[in-house]
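Observations on the three-dimensional arrangement
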Amino acid sequence: MKTDADDGWSLVVPLKPLALAKSRLGPAAGERLRPRLALAFAVDTVAAALACAGVRDVVVVTDDRVAGRALAALGARIVPDAPAAGLNAALAHGARAVRALRPRARVAALNADLPALRPAELGRVLDAAREFPRAFLADAAEMGTTFLSAGPGVELEPAFGGPSRLRHLASGAVEIRLAGVDSVRRDVDTGEDLAAAGALGLGPRTAARRPAPAG
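Along each chain, numbering runs from 1 in the same order as the chain's sequence is written. With the structure being a predicted model, the display of local features is reserved for residues of pLDDT at least 70 and the display and counting of side-chain atom pairs for 80 or more, all residues being used for whole-chain, interface and lining totals. In computing side-chain values, all of the structure's heavy atoms are included and hydrogens and water are not.

We now examine the overall build of the chain. Only runs of H or I of at least four residues qualify as helices and only runs of E of at least two qualify as strands under DSSP, and these elements are numbered from the N terminus. Helix and strand counts for the chain come out as nine helices and seven strands. Just to be clear, the radius of gyration here is over C-alpha atoms, and the globule rule we use is 2.2 Å times residues to the power 0.38. Relative to its length of 215 residues, the chain is compact, with a C-alpha radius of gyration of 16 Å against a globular reference of 17 Å. The dimensions of the chain, computed from C-alpha atoms along their principal axes, are 55 × 35 × 30 Å. For the chain, with 215 residues in total, the buried portion stands at 53%. Roughly 9600 Å² of accessible area belongs to the chain as shown, and the carbon and sulfur atoms make up 56% of that amount. Neither His nor the chain termini are counted; the positive set is Lys and Arg, and the negative set is Asp and Glu. Charged side chains are reduced to one point each, which is NZ for Lys, CZ for Arg, CG for Asp and CD for Glu. Taken together, the 28 basic and 23 acidic charged side chains of the chain have centroids lying 4 Å from each other. Burial here depends on accessible area, computed with a 1.4 Å probe over protein chains only, as a share of the maximum for the residue type. Under 20% is buried, over 50% is exposed, and the range in between is partly exposed. Every accessible area reported is derived by Shrake-Rupley at a probe size of 1.4 Å, with residue values counting cover from the shown protein chains alone.

Here it is, written out as structure tokens:
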């Protein structure tokens with residue numbers, strides 16, 4: 001394990017209780033499969049993140065016991081969502097939990113719904129983010145955000161949700177513009193998103209849970 005306080009990134013991954021997660025996937029996946037897919041997305045995301053050479057550790061902010069056990073088994077640190085005040089409060093709480101142990105840590109927020117995530121592509125994004133105090137990566141739709149970073153001594157200031165790309169730009173974060181990092185941008189909210197992630201290549205847990213195509 002790395003020991004330098006500034007060597008490697010700590011990623012903060014937020015995850016709703018599975019019963020509430022990925023509600024827009026219901027029509028495509030069905031209500032029984034939807035929470036299982038949400039967990040599969042998170043497992044594949046965290047496993048890929050932990051396999052990335054630039055990542056020191058992953059903190060998952062969640063109150064879901066089933067998800068917490070599964071993600072802890074991968075090596076993630078589970079932090080309860082003590083603020084219970086939504087996504088951005090959870091991310092700020094996770095960043096504080098990281099820096100309570102490593103005050104000079106490089107911290108990045110990463111979506112939990114990146115089931116096609118590739119460690120090498122994430123590594124390229126992290127390398128680019130090191131050049132700026134705060135930086136972010138827009139989602140595939142160019143409206144939202146899948147990744148937000150803060151260097152040593154810099155607050156994360158998350159503004160996720162909806163059209164967050166413009167909010168992060170307005171906050172002073174630098175937009176990372178890289179080709180070939182599609183897996184870091186492809187979050188999944190709908191059946192169409194899942195099909196697009198499938199074209200990139202799903203992680204093993206999601207591939208096993210993915211609903212069969214209709215027809």
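Two aromatic rings from Phe, Tyr or Trp, using only the six-membered ring of Trp, form a pair when their centres are within 6.5 Å; if the ring planes differ by under 30 degrees the pair is stacked, by over 60 it is edge-to-face, and anything between is tilted. For the structure on display, the rule yields zero aromatic pairs. Whether a charge sits over a ring depends on NZ of Lys or CZ of Arg being within 6 Å of the ring centre and within 35 degrees of the ring normal. Lying across the ring of Trp-9, Arg-106 places its NZ or CZ 5.8 Å from the centre.

Here the focus is the sheet that holds strand β7 (residues 174–175). Criterion used throughout: strands pair if DSSP finds at least two bridges between them. Strand order in this open sheet of seven strands is β3-β2-β1-β4-β6-β5-β7, and the pairing throughout is mixed. Among the strands making up the open sheet, the edge pair consists of β3 (77–79) and β7. Pairing between strand β4 (residues 106–110) and strand β6 (residues 145–150): four bridges, direction antiparallel. Each bridged residue has a counterpart across the sheet, and for Val-107 the counterpart in β6 is Ala-150. We call two residues in contact when some of their heavy atoms are within 4.5 Å. Angles run from 0 to 180 degrees between N-to-C directions of axes, and those axes are lines fitted to C-alpha atoms, restricted for helices to the stretch in contact. Along the sheet, helix α4 (residues 87–101) makes contact with β1 (9–14), β2 (55–61), β3, β4 and β6, crossing β1 at roughly 150 degrees.

Let's shift gears to the nonpolar core. Core analysis: the biggest nonpolar cluster contains 36 residues, and Leu-11, Val-58, Leu-110, Leu-122 and Phe-147 have the highest contact counts within it. Those elements that place two or more of their residues in this core are β1, α2 (34–50), β2, α3 (65–74), β4, α5 (119–129) and β5 (134–138). Broken down by element, the residue count for this core peaks at seven residues, all from α2. Among all residues touching Leu-11, those that are not within four sequence positions of it are Ala-49, Val-55, Asp-57, Val-58, Val-59, Ala-108, Leu-110, Leu-122 and Leu-126. Among the nonpolar cores identified, the runner-up in size contains 18 residues, and Val-61, Ala-97, Leu-148 and Leu-156 belong to it. The criterion is simple. A nonpolar core is a set of buried Ala, Val, Leu, Ile, Met, Phe, Trp, Tyr and Cys residues joined through side-chain atoms within 4.5 Å.

Further remarks concern the packing of α2 against α3. Put simply, α2 and α3 touch, their axes get as near as 10 Å, and they point 25 degrees apart. The angle between α2 and α3 places the two elements in the roughly parallel class. The two elements α2 and α3 cross, and the hand of that crossing is right-handed. Taken together, the residues of α3 that come into contact with α2 (itself represented by Leu-39, Ala-42, Val-43, Val-46, Ala-47 and Leu-50) are Val-66, Ala-67, Ala-70, Leu-71 and Leu-74. Gly is placed with the polar residues, together with every amino acid not listed as nonpolar (Ala, Val, Leu, Ile, Met, Phe, Trp, Tyr, Cys and Pro) or charged (Asp, Glu, Lys and Arg). Taken together, the residues that form the contact of α2 with α3 break down as 11 nonpolar, no polar and no charged. For this classification, under 35 degrees means roughly parallel, over 145 means roughly antiparallel, 65 to 115 means roughly perpendicular, and everything else is oblique. The crossing is said to be left-handed when, going from far helix to near helix, the turn is anticlockwise and less than a right angle, and right-handed when the turn is clockwise.

This part covers the UniProt feature "binding site: phosphoenolpyruvate" (unreviewed entry) in the chain. UniProt positions are given in the numbering used here, feature names are shortened, and annotations may be inferred rather than shown by experiment. Here, the residues flagged by UniProt with the feature "binding site: phosphoenolpyruvate" (unreviewed entry) are Thr-145, Gly-161 and Ser-164. With the annotated positions falling across 20 residues, the maximum pairwise C-alpha distance of 7.9 Å places them together in a single cluster. Narrowing the list just given to those that line the largest pocket leaves Thr-145, Gly-161 and Ser-164. With respect to the helices, strands and loops of the structure, Thr-145 is situated in strand β6. The class for Thr-145 is buried, based on a relative accessible area of 4%. When residues no more than four places from it in sequence are discounted, the contact partners of Thr-145 are Asn-111, Phe-136, Leu-137, Ala-138, Asp-139, Phe-160, Ser-164, Arg-165 and His-168. On the secondary structure map, Gly-161 appears in the loop between β6 and α6 (164–170). The class of Gly-161 is partly exposed, set by a relative accessible area of 36%. Leaving out residues up to four positions away in the same chain, Gly-161 has contacts with Leu-87 and Arg-167. Points on a 1 Å grid, built from protein atoms alone, make a cavity when a 1.4 Å probe fits but cannot get out and make a pocket when they are open with protein on both sides within 12 Å along at least 5 of 7 lines; residues with an atom within 4 Å of a point are the lining residues.

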